[in-house]
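# Results of the structural survey
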Amino acid sequence: MSSPLRERRSPRRRNLVSGLLFGIGLAAFVDEVIFHQLLQWHHFYDRSTTSVGLFSDGLFHAFGWFAVVAGLFLFADLRRWHETLLKRWTGGVLLGAGVFQLYDGTVQHKLMGLHQIRYEVDLLVYDTVWNVIAVLLIVAGAFLTYRTRTAVPRESTAPADA
Amino acid sequence: MHNHGSAFPVESLFFIPAVVALVAYWAGARSPRSGRWPWYRTAFFTLGVAAVLVTVLNPLAELAHRDFAVLSFSHLLAGMLSPLLLVLSRPFTLALRTLDVFPARRLSRVLRSRFARFLSFPVTAALLNTGGMILMFRTGLLQAMQESMPVHWLVTFHLLAAGYLFTASIVGRDPSPHRAGYRLRAIVLVLSIAAHNILAKGIYADPPPGIPAAAAETGALVMYYGGGILELVLIVLLCRQWYASVRPRGKVASAIHPQ
């Protein structure tokens, strides 16, 4: 049996990956729960969707569920090894959520015409707010990720970065 | 249609394999050789058998023929919930521990065979599972099931077997030589969930032959959200296995990183 210890990658990378996954999952979850279930602005399925759009939507929801769970387990693993870099992790969350929301707002809603944010209203305001928030999340996430590019966990029990 | 009023409904015959399986499992669990078999595994096995049994017995079997939403629900029971409970009950571990040497060796040889390895490879298992589901809703099979009980039984058996194979290949804890790595299992799981989502929305928009639109919509919602809960359980189980597999091991960790 090979020891998993030797295969552990750098804490920086693991913090970023955990944050990215959790951010993607969080954005997918917010989309599903707030916009689909609570507000019912989005539709379960509006019948105008292309098969590519349907495929993309199915895959992204499946990945969103996986990402939120996997991201949290990765985070628990970082905590257990005293390897958390909270700023870098937060950067990953913002980046993941922003990228997901931008993809959803541009490619899925507009390019594939999967569904719209709302129906029977002037969409321009909604689309602008949606995508501007996405870009702001990405900018904030990228800033934090850049700022922590050399961060090191304070008391790591894991191998130091190579 | 069938004569459901007869004194001896033929469905009762399904009690025989169910009771045989339960008695064999209970006997194994109580055997001293099982080594304090946890009670919850016995409970999982019992519930797993019950979950698939109710789908072939009345009233559920008959309701499922009339109402697509009920059919959708009974497919969740036979194809997802029951396989999950049976996999969690670890029947092969129990059998290997409690069987006599010769049958146990034979079983272990079967488990190690090339065919078993092929079937339990996540990609094969997922194709059998998802493929069966697509055939059922997108060909004449669904109508054949509603017209003939034996077809309904065969399909239910396929759902159970393929569901078990798939669940075991992703989160199984029974001995499985050459278990696939976490990355492959995660990818196959995500793609399978995606296929389920796409199929459910497809049924919502384009009802299978012979199903009225309103019934197809309700059935698709049951399939999508009901399946979603069980898929979430699979994701958590897979991640928890990974989490346990990379836990720090006291001695090793301090030997490599002396503080």
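About the thresholds
- Residues numbered from 1 in each chain as written.
- Chains lettered and ligands numbered in written order.
- Predicted model: local features only at pLDDT ≥ 70, side-chain atom pairs only at ≥ 80, totals over all residues.
- Heavy atoms only, no water.
- UniProt positions renumbered as here; feature names shortened; annotations may be inferred.
- Patch = residues over 30% accessible without salt bridge, like charges linked within 9 Å, V, L, I, M, F, W, Y side chains within 5 Å.
- Areas by Shrake-Rupley, 256 points an atom, 1.4 Å probe, with all protein chains shown as cover.
- Salt bridge = Lys/Arg side-chain N within 4 Å of Asp/Glu carboxyl O.
- Helix = DSSP H or I, 4+ residues; strand = E, 2+ residues; numbered from the N terminus.
- Contact = heavy atoms within 4.5 Å.
- Phe/Tyr/Trp six-rings, centres within 6.5 Å; stacked < 30°, edge-to-face > 60°.
- Buried < 20%, exposed > 50% of the residue type's maximum accessible area, 1.4 Å probe, protein only.
- Lys NZ or Arg CZ within 6 Å of the ring centre and 35° of its normal.

Taking an unreviewed UniProt entry as the reference, chain B is identified by name as Cytochrome c oxidase assembly protein belonging to Arthrobacter jinronghuae. Taken verbatim from the UniProt record of chain B, the Subcellular location (unreviewed entry) comment is "Cell membrane".

Taking an unreviewed UniProt entry as the reference, chain A is identified by name as DUF2243 domain-containing protein belonging to Arthrobacter jinronghuae.

Before going further, it helps to spend a moment on a nonpolar patch on the surface. Taken together, Leu26, Val30, Ile34 and Leu38 of chain A make up a surface patch of nonpolar side chains, about 320 Å² in accessible area. In this fold, Leu38 of chain A is placed in helix α2 (residues 11-38).

Structurally, Asn129 of chain B can be placed in helix α8 (residues 122-138). Excluding residues that lie within four positions of it along the chain, Asn129 of chain B makes contacts with Ala162, Gly163 and Phe166 of chain B.

Bringing the packing of aromatic side chains into the picture now. Per the stated rule, a full pass over the model turns up 13 aromatic pairs over all chains. For the pair Phe75 of chain A and Trp89 of chain A, a centre-to-centre distance of 4.6 Å together with 40 degrees between the ring planes defines the contact as tilted. Of this pair, Phe75 of chain A sits in helix α3 (residues 51-80) while Trp89 of chain A sits in helix α4 (residues 86-111), and the two are 14 residues apart along the sequence. Judged on exposure class, the residue Phe75 of chain A and its partner Trp89 of chain A are both buried. Centre to centre, the rings of Phe14 of chain B and Trp153 of chain B are 5.1 Å apart; their planes meet at 70 degrees, and the pair counts as edge-to-face. Pair noted here: Phe14 of chain B is in the segment before α1 (15-30) and Trp153 of chain B is in helix α10 (residues 149-171), with a separation of 139 residues, a long-range link. Feature note: the residues Phe22, Phe75 and Trp89 of chain A constitute an aromatic cluster, connected by ring pairs. The positively charged end of Arg80 of chain A is found above the aromatic ring belonging to Tyr243 of chain B, 3.8 Å away from the centroid. A cation over an aromatic ring shows up here: Arg185 of chain B above the ring of Tyr182 of chain B, its NZ or CZ 4.5 Å from the ring centre.

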